[in-house]
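Fold and contact review
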Amino acid sequence: MQPLTVHRTAVVYRRRFAVLAAVMAVNFSMQLLWIGYAPITTQAAAYYGASELQIGLLSLVFMAAFVPLAIPASWLLDTRGFRFAVGIGSVATAVAALARGAVGGSYAGVLASTIVIACCQPLLLNAWSLVAGNWFPERRRASAIGQITLANLLGTAAGMVATPLLVESMSIAAVQLCYGAVAALSAALFLTVAREHPPTPPEPGEMRVRTQMLAGLRTAITTRGMGLLLVAVFVGMGVFNGIATWIEQIVAPRGMDAEQAGLVGAAMLGGGLVGAVLLSWLSDRLRRRVAFLVAGLIGAAVSLTGFAFSSLPWQFFVCAGALGFFLAGLLPLVMQYAAEETYPVPEATSNGLLQLAGQCGLVLALLMSALRTAAGSYVVSLSSFAIALLLLGGLVARLRDPRILRAATD
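Scoring rules and cut-offs
Residues numbered from 1 in each chain as written. Predicted model: local features only at pLDDT ≥ 70, side-chain atom pairs only at ≥ 80, totals over all residues. Heavy atoms only, no water. Helix = DSSP H or I, 4+ residues; strand = E, 2+ residues; numbered from the N terminus. Buried < 20%, exposed > 50% of the residue type's maximum accessible area, 1.4 Å probe, protein only. Contact = heavy atoms within 4.5 Å. Areas by Shrake-Rupley, 256 points an atom, 1.4 Å probe, with all protein chains shown as cover. Disulfide = S-S within 2.5 Å. Axes fitted to C-alpha atoms, helices over the stretch in contact; angles between N-to-C directions. Parallel < 35°, antiparallel > 145°, perpendicular 65-115°, else oblique. Left-handed = near helix turned anticlockwise from the far one by under 90°. Nonpolar A, V, L, I, M, F, W, Y, C, P; charged D, E, K, R; others polar. Phe/Tyr/Trp six-rings, centres within 6.5 Å; stacked < 30°, edge-to-face > 60°. Lys NZ or Arg CZ within 6 Å of the ring centre and 35° of its normal. Arc of directions from axis to C-beta. Patch = residues over 30% accessible without salt bridge, like charges linked within 9 Å, V, L, I, M, F, W, Y side chains within 5 Å. Salt bridge = Lys/Arg side-chain N within 4 Å of Asp/Glu carboxyl O.

Glancing now at the overall build of the protein. Within the protein one finds 17 helices and 2 strands. Split into buried and exposed, the 410 residues of the protein put 59% on the buried side. Considering only contacts in the protein between residues 6 or more positions apart, those separated by 24 or more positions represent 86%. As presented, the protein carries roughly 15200 Å² of accessible surface, and 69% of it is formed by carbon and sulfur atoms.

Laid out in structure tokens, this is it:
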């Protein structure tokens, strides 16, 4: 166990908003790079002389790389801090993203560059709770994580909407070069603005006791309710990422084109933007976690059922927006719940475990493709996942709010 440091006084610094903005910027660019091919799968396949599955791989590789790299990324964040780890990850991402645009129509070059970007992703995603813990008071940490989630969703939404529009006036390689420039600018902003922690802690009398990595993992995994949260994130993020990856193929059987598919994806992400901010703010305000988690899982199950059986464009838009509201809105709450319930486990460790579970949702994304019917329908997989979310909502209802939150409320 690392040395105990007790801080008697606390100051909340305005710089925390600049640090948060810098972290949001690099996460925005990462999601833009992740989703950049999903809404133009058919066009990209023709441009690179590849199959649609190979183009889908450019998104799925992010989830595949996360699985072996999540724990090493959390270790680096715990030992060297988020400024060092995220700084390295954002710079390497920018270089690889620019290279992805520079290789032109070479699918092999694009895949190689994408793998490098995907390997940097855990350094950015696993830092969310650590940034919130270092810079924000306890009553505002879920909201801070919600803001980073908001940036992630904005990046995905921008890629969904902008990519089909941009390819009408420039080549796919040129579009990727533009996205690389965005990544470079966000990396420069992070290196300029980010600081590891303020001079004094944001919480009065806060005790920073941090266990070592392996001990922290054991504590987190064995904490009551953590296993259930990992399953919930696995299903929730797997469904969310799977729909984002296969959105064009999901809506195509209903007569919708690539541009409409991008708008449906944008509706899901738009709902997520609202949910990530509103639900985390309400949870912090009311000092409740479990009630919001249960409501979100049930709401996601109902929305996913509607999405699976939608036949008209407006139905897809409404159900996608509601699904994004509940699924994306839950992520900040789950992360803060885990950080509070597993304390004194480092935030990067609990955050990393949840992100790892979510990225393992690659299995569900692949399952969605495998269960696709001959007519191109995804109803079987989507309705099955809706049932799983509903069952998880019932199980999560048996949990209690984190002991730290209960103590602070009392």
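Having seen the model, we can carry on.
Once that is clear, we can look at unusual backbone geometry. Even without being glycine, R287 reaches a positive phi, approximately 55 degrees. When you line up the elements, R287 lands in the loop between α11 (258–286) and α12 (290–308). A residue is classified by how much of its surface remains accessible, and R287, at 19% relative accessible area, is buried.

Under the definition given, this model contains 0 disulfides. With no disulfide of its own, C120 lies 6.9 Å from the sulfur of C119, the closest cysteine sulfur.

What follows concerns the packing of helix α6 (residues 128–135) against helix α7 (residues 141–166). One way to put it is that α6 packs onto α7 with a least axis distance of 9 Å and a crossing angle of 140 degrees. Considered as vectors, α6 and α7 are oriented oblique to each other. Where α6 crosses over α7, the two elements pack in a sense that is right-handed. Side by side, α6 and α7 meet where W128, S129, A132 and G133 of the first sit next to R141, A144, I145, I148, T149 and N152 of the second. A per-class count over the contact of α6 with α7 returns 5 nonpolar, 4 polar and 1 charged.

For the structure shown, the criterion picks out 6 aromatic pairs. Measuring from centroid to centroid gives 4.9 Å for Y47 and Y48, while their planes differ by 90 degrees, and the two rings are edge-to-face. According to the relative accessible area criterion, Y48 is buried, its value standing at 7%. Among the aromatic residues, those joined into a ring-pair cluster are Y37, Y47 and Y48. Here the guanidinium or amino end of R80 rests over the ring plane of F84, the centre of that ring lying 3.9 Å away.

Before going further, it helps to spend a moment on the packing of helix α10 (residues 226–251) against helix α15 (residues 362–370). Contact pair α10 / α15: the axes reach a minimum separation of 7 Å and the direction vectors enclose 40 degrees. Accordingly, the angle class assigned to the pair α10 and α15 is oblique. Here the hand of the crossing between α10 and α15 comes out right-handed. On the side of α10, the interface is formed by F234, V235, G238, V239, G242, I243, W246 and I250, while α15 contributes V363, L364, A365, M368 and S369.

If you check which residues of helix α2 (residues 41–48) are buried, you get T41, A44, A45 and Y48. The buried residues of α2 all sit within an arc of 105 degrees when viewed along its axis, so they share a single face. In this structure, the buried residues of α2 make contact with α3 (52–80), α5 (107–125), α8 (172–193) and α10. Looking one or two places after α2, you find G49, whose phi comes out positive at around 65 degrees.

A cluster of nonpolar side chains, V91, V95 and L191, forms an exposed patch at the surface whose accessible area comes to about 240 Å². With respect to the helices, strands and loops of the structure, V91 is situated in helix α4 (residues 82–102). On the basis of relative accessibility, which here comes to 36%, the residue V91 falls in the partly exposed class.

Moving on to the pattern of salt bridges. This structure, assessed with the given rule, holds 2 salt bridges. Its salt-bridge partner being D284, residue R289 comes within 3.3 Å of it at the nearest N-O pair. For E340, the salt bridge goes to R289, with nearest N and O atoms at 2.8 Å. Highlighted residues: E340 in helix α13 (residues 313–341) and R289 in the loop between α11 and α12, separated in sequence by 51 residues. For R289, a relative accessible area of 1% gives the class buried. Overlapping salt bridges bring together D284, R289 and E340 as one network.

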